[in-house]
Amino acid sequence: MSTALETPGLSEIQRQIVELARDFARTKIEPFAAEWDRTKHFARDVIDELGKLGFLGMVTPEEYGGLGLDTLTYLLALEEIAAADASIAVSLSIHNAIPTTMLLRHGSSEQKERWLKPMARGELLAGFALSEPDAGSDAAALQAQAARDGGAAGGGGGWVLRGTKAWATNGGTADLMMIMARTDTPAARRGAKGISTFIVPTNTPSYRAGKPEDKMGLRASNTAAVVLDDLRLPAEHLLGEEGMGFVYAMEGLDAGRLGIAVQAVGIARRALEHSVAYCGERRQFGQALRQFEGVQFKLADMATRVEAARALAHVAASRKDRGENVTQIASMAKLFASETAMWVTTQAVQLFGGYGYMRDFPVEKLFRDAKVTEIYEGTSEIQRIVVARGLYPGA
Ligand code: CAA
């Protein structure tokens, strides 16, 4: 059974980063994760500590204050965090993948200076708000409206945002949100090309996050609705080009889905590790569970799927680092890893039997945490659509 650290061919620096992530995860996250889950505690202090170590700027180039890691190293570190607690991992994943990618690719030099650098240094935590109550899978149907502000903000030429975003990770805890809103008009809708991205500091008056959602899993992560009630922004808070926000969001999700893939790998791997240990110790009918062939087959399938899910995510990472388009393979990696996590954690609960169903044992939380990986950043059905579309490019 291998972990991220056993990945062949790691350089010394990659090994050091992954070891740092693993040691932090094992000492400062995993021992507290069950309690945070029970109390729905968002461990901002832990995220801040990770930020000081550079984990909020993992892929951000050094010139912007980040660690400038390649995608593989970033994914290996994230797997270690996710194996300890998927709630912490999702905050890191969103921040590093989506707002960071958006700013790096489309931010002006002033925006990079003002937002990207403090994000990379761990001084600002960022989130992303695309979904709405009536626009989940069909993200381009979002209705939040941004209209030109003829008034005070930015001396005129600013924006007024109105609408409701749903299920935003870090919505109530981020310092900065990347928010998608329509900049076309109701009289002349432009579909996906009528959406723009706005950089919204959460201390802007009229930014209101709802109470944290009461979720099945990832209970220690913050997920909240965000109400934009005539929220005023200066003109320079528009990211990139007006009307390109949906494309920017999709590009961000290409990177984000790789993070969710390894989050799922981390969850599945931890469930496998617990299962291997338990089946080695637990005796029934006069022998350890691991001596039953039926149990061996289950463990073998779990281990095989975890390795395969990790390998697919790593192939996607190397293609990303070669500058290739990863839309299709990122969806494959997320689809395969999330379904692996759900399957492996289901087997783990079954192997633990009655104990597996109890909150006192860790596989119950892993099972609950796994489910959302099949839902957020695009459901498994959406990933299949993206994969299938990639089979007929240009059609
Ligand atoms: N990269 C760059 N551009 C892309 C792109 C990508 N990956 N995907 C689409 N585009 C572009 C298209 O090329 C197109 O532009 P052109 O017209 O110039 O060609 C434009 O965007 C519109 O694309 P589509 O016609 O494909 O759009 P669609 O309406 O058919 O939707 C979809 C496609 C893949 C189904 C998309 O809606 C989707 O991914 N839905 C799922 C949404 C999702 O993942 N939401 C997660 C929200 S975040 C979250 O989960 C919360 C959290 O914080 C964790």
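Cut-offs used in this document
- Residues numbered from 1 in each chain as written.
- Predicted model: local features only at pLDDT ≥ 70, side-chain atom pairs only at ≥ 80, totals over all residues.
- Heavy atoms only, no water.
- Core = buried A, V, L, I, M, F, W, Y, C linked by side-chain atoms within 4.5 Å.
- Buried < 20%, exposed > 50% of the residue type's maximum accessible area, 1.4 Å probe, protein only.
- Helix = DSSP H or I, 4+ residues; strand = E, 2+ residues; numbered from the N terminus.
- Contact = heavy atoms within 4.5 Å.
- Salt bridge = Lys/Arg side-chain N within 4 Å of Asp/Glu carboxyl O.
- Polar contact = N/O pair within 3.5 Å; in protein donor to acceptor, adjacent residues only side chain to side chain.
- Domains from an automatic or database assignment.
- Buried area = accessible area lost by both parts, 1.4 Å probe.
- Nonpolar A, V, L, I, M, F, W, Y, C, P; charged D, E, K, R; others polar.
- Near = heavy atom within 4 Å.

## Quick notes on the nonpolar core
Among the nonpolar cores identified, the biggest contains 100 residues, and I29, L50, I81, I88, M102 and F128 are the most heavily contacted of them. Ranked by residues supplied to this core, first place goes to helix α6 (residues 245–281) with 17 residues. Contact partners of I29, with chain neighbours within four places excluded, come to F24, W36, V46, L50, I81, A84, D85 and I88. Residues A146, L161, L231 and L238 belong to the second largest nonpolar core, which totals 18 residues.

## A closer look at the pattern of salt bridges
Applying the stated criterion to the full structure yields 31 salt bridges. Via salt bridges that share partners, E30, E79, E80, R269, R270, E273, E307 and R310 belong to a single interconnected network.

## Description of the environment of N325
For N325, the location among the structural elements is in the loop between α7 (293–321) and α8 (327–352). The spatial distance from the C-alpha of N325 to the C-alpha of E241 is 21 Å, given a sequence separation of 84 residues. Separated by 2.8 Å, the side chain of N325 and the backbone nitrogen of T327 make a polar contact.

## Brief notes about the domain arrangement of the chain
Domain boundaries in the chain define domain 1 (4–120), domain 2 (126–243) and domain 3 (247–390). The straight-line distance from the C-alpha centre of domain 1 to that of domain 3 is 20 Å. Across the contact, 29 residues belong to domain 1 and 29 residues belong to domain 3. Counting the surface lost from both domain 1 and domain 3, the interface buries some 2400 Å², and carbon and sulfur atoms represent 58% of this. Along the contact surface separating domain 1 from domain 3 lie seven salt bridges. Taken together, domain 1 and domain 3 are joined by ten residue pairs in polar contact (both at pLDDT 80 or more). Within the residue set of the side of domain 1 that touches domain 3, elements represented by two or more residues are α1 (12–39), α3 (71–84) and α4 (86–106). Sorting elements by how many residues they give to the side of domain 1 that touches domain 3 places α4 first, with eleven residues. Here the residues of the side of domain 1 that touches domain 3 sort into 16 nonpolar, five polar and eight charged.

## Topic: unusual backbone geometry
Its identity as a non-glycine residue notwithstanding, F285 has a phi of 50 degrees, on the positive side. Mapping F285 onto the fold places it in the loop between β9 (283–284) and β10 (287–288). We note that E377 has phi near 55 degrees; this positive angle belongs to a residue other than glycine. Inspection of the secondary structure puts E377 in the loop between α9 (362–371) and α10 (380–390).

## Describing the site of the ligand
In the vicinity of the ligand, 25 residues are found, and the nearest of them are T169, K193, R257, E377 and R389. One of the backbone N or O atoms of E377 is found 2.6 Å from an oxygen atom in the ligand. With respect to the ligand, the backbone of G378 contributes an N or O atom lying 2.9 Å from an oxygen atom. Residue assignment for the shell around the ligand shows that the elements contributing at least two residues are β3 (158–169), α6 and α10. Each of domain 2 (126–243) and domain 3 (247–390) gives at least three residues to the shell around the ligand.

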